[in-house]
Amino acid sequence: MNKDLTIGKPETVLRKFCLPLFGSIVFQQLYNIADSLVAGKFIGENALAAVGNSYEITLIFIAFAFGCNMGCSVIVSQMFGAKDYGRLKTTVTTACLFSAVLCLLLMLCGILGCDPLLRLIRTPADVFFDSALYLDIYVWGLPFVFFYNIATGIFSALGDSKTPFYFLAVSSTANIAVDILFVQAFHMGVAGVAWATFLCQGISCILAVIAVWKRLRQIPVSKKPAVFDFDILKKILVIAVPSILQQSFVSVGNIMIQSIINGFGASVMAGYSAAVKLNNLMITSFTTIGNGISNFTAQNLGAHKFGRIREGFRGGLKLIWSLCAPFCLFYIFFGKYLLLLFMKQDSAAALMTGRQFLWILAPFYFVVSAKLAADGILRGIGAMGKFMAATFTDLALRVILAFILSGLTGSSLGIWFAWPIGWTIAMILSISFYRRECQKWG
């Protein structure tokens, strides 16, 4: 059901809208978590390291899909808030055509460039083959990744956060079962993990696209909308390109950090691979709530209800911190048991690496979540320059400090301290940018 986010108490509206988004991203992360879990438990430490190593590269592809999602979602939200349904439909078809072309180009780059990139990040020989195999299969599933993201972006723009949740709940749960089936029953190794994700994401994408098409047909228009519009494409790109650049540079930065981690051997790689999945579950969840704040902001911007945007930020911050607190405590005190889901008890070095990572980062989830809430406002109002400035500051600090601190300490421990420093400074920037924008509204 479509929902107008410009009416009702902002805090209540955001909570009802964002909680299903939070549930959706938890299930979406289960795709990657399941891959690592099955690889580590049923294949071995090297397989876990290979999947984790490949994951950092897949995030580059996901960055482009996410950018298309945000570009389409924010503009559709503005059109929906302004009740301009004809241009809303044109926005959807324009975004789909642009995404299809971009996806094909990325598939070509992936087919030709993944092996050289694995060599560039110093992938150890004992995990290189499995890393390359996982990536080769993943690249062929990129159309599913792109169009699923477009579909969920449209649902969110229309105020419907429950439908994507239902799709993901079923497909991600099925992915765990298919992972185990392909690895245990068919003995397919890392290839089985990759093919299981390919299959389940494909089914989820097809169902989501069909549901979006039916939903859009129900929206009345006075005349047949145009299939493509260059002016709308420009508006999409204003949001999409900075989002793509932001996510891509973050992914590139993570790859650079991964190259440092790879120098410490397979055990540290495996521990980081498990811990970073848990970390990414939280960061991606906060980001998704930030995306929900963007949709809320964009709809209210289209309706010229600026006071609701301020109230939305306060309500969003309360929501995101209420979710942050239990996870932070759980990771600090029970992280060991979560990590053991991915690895065997005898992987002592890998387990200690993962625990140290979580101990250092978890207390700062309150900091990074505040940044992402402010980023949601900045993105929703189209202040992409400020949004990018804060994000790139975080990225640059994390990469530079990872190199410096790992060299000073002579261990992977120095790398983990780069995260909190980058998050803290970027949070200060994002909050200050948000306050400056508020001053413009009077």
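In what follows, the structure referred to is the one given above.
The shown structure was predicted, so the numbers you read here are calculated from the model rather than taken from an experiment.

Now for the overall build of the protein. For the protein, the count of helices and strands is 15 helices and 0 strands. Radius of gyration (C-alpha) of the protein: 21 Å, near the 22 Å computed for a compact globule of 442 residues. C-alpha extents for the protein along the principal axes are approximately 65 × 45 × 35 Å. Every one of the 442 residues in the protein was classed for burial, and the buried ones make up 59%. Taking the contacts inside the protein whose residues are at least 6 apart along the sequence as the reference set, 86% of them involve residues at least 24 apart. Within the protein, one finds 34 positive and 19 negative side-chain charges whose respective centroids are separated by 11 Å.

Across the interface, helix α3 (residues 85-120) lies against helix α8 (residues 230-262) with an axial gap of 11 Å and an inter-helix angle of 30°. As the angle between them shows, α3 and α8 are arranged roughly parallel. Handedness of the crossing formed by α3 with α8: right-handed. Only I232, L233, K235, I236, L237, I244 and I255 of α8 make contact with α3, whose side of the interface consists of R87, T90, T91, T94, A95, F98, L102 and L117.

Turning to its location among the elements, K162 is positioned in helix α6 (residues 162-185). K162 sits 138 residues away from S24 along the chain, and the two C-alpha atoms are 8.2 Å apart.

As a further point, take the pattern of salt bridges. Taken as a whole and judged by the stated rule, the model has 6 salt bridges. Across the pair K386 and E437 runs a salt bridge whose closest N-O atoms are separated by 3.2 Å. Of this pair, K386 sits in helix α13 (residues 384-409) while E437 sits in helix α15 (residues 418-440); the two residues are 51 residues apart in sequence, bridging distant segments of the chain. Of the residues examined, E437 reaches a relative accessible area of 7% and is grouped as buried.

Quick notes on the rules
Residues numbered from 1 in each chain as written. Predicted model: local features only at pLDDT ≥ 70, side-chain atom pairs only at ≥ 80, totals over all residues. Heavy atoms only, no water. Helix = DSSP H or I, 4+ residues; strand = E, 2+ residues; numbered from the N terminus. Rg over C-alpha atoms; globule rule 2.2 N^0.38 Å. Buried < 20%, exposed > 50% of the residue type's maximum accessible area, 1.4 Å probe, protein only. Contact = heavy atoms within 4.5 Å. Lys, Arg positive; Asp, Glu negative; His and termini not counted. Charge placed at Lys NZ, Arg CZ, Asp CG, Glu CD. Axes fitted to C-alpha atoms, helices over the stretch in contact; angles between N-to-C directions. Parallel < 35°, antiparallel > 145°, perpendicular 65-115°, else oblique. Left-handed = near helix turned anticlockwise from the far one by under 90°. Salt bridge = Lys/Arg side-chain N within 4 Å of Asp/Glu carboxyl O.

As far as function goes, none of this settles anything; it's purely spatial.
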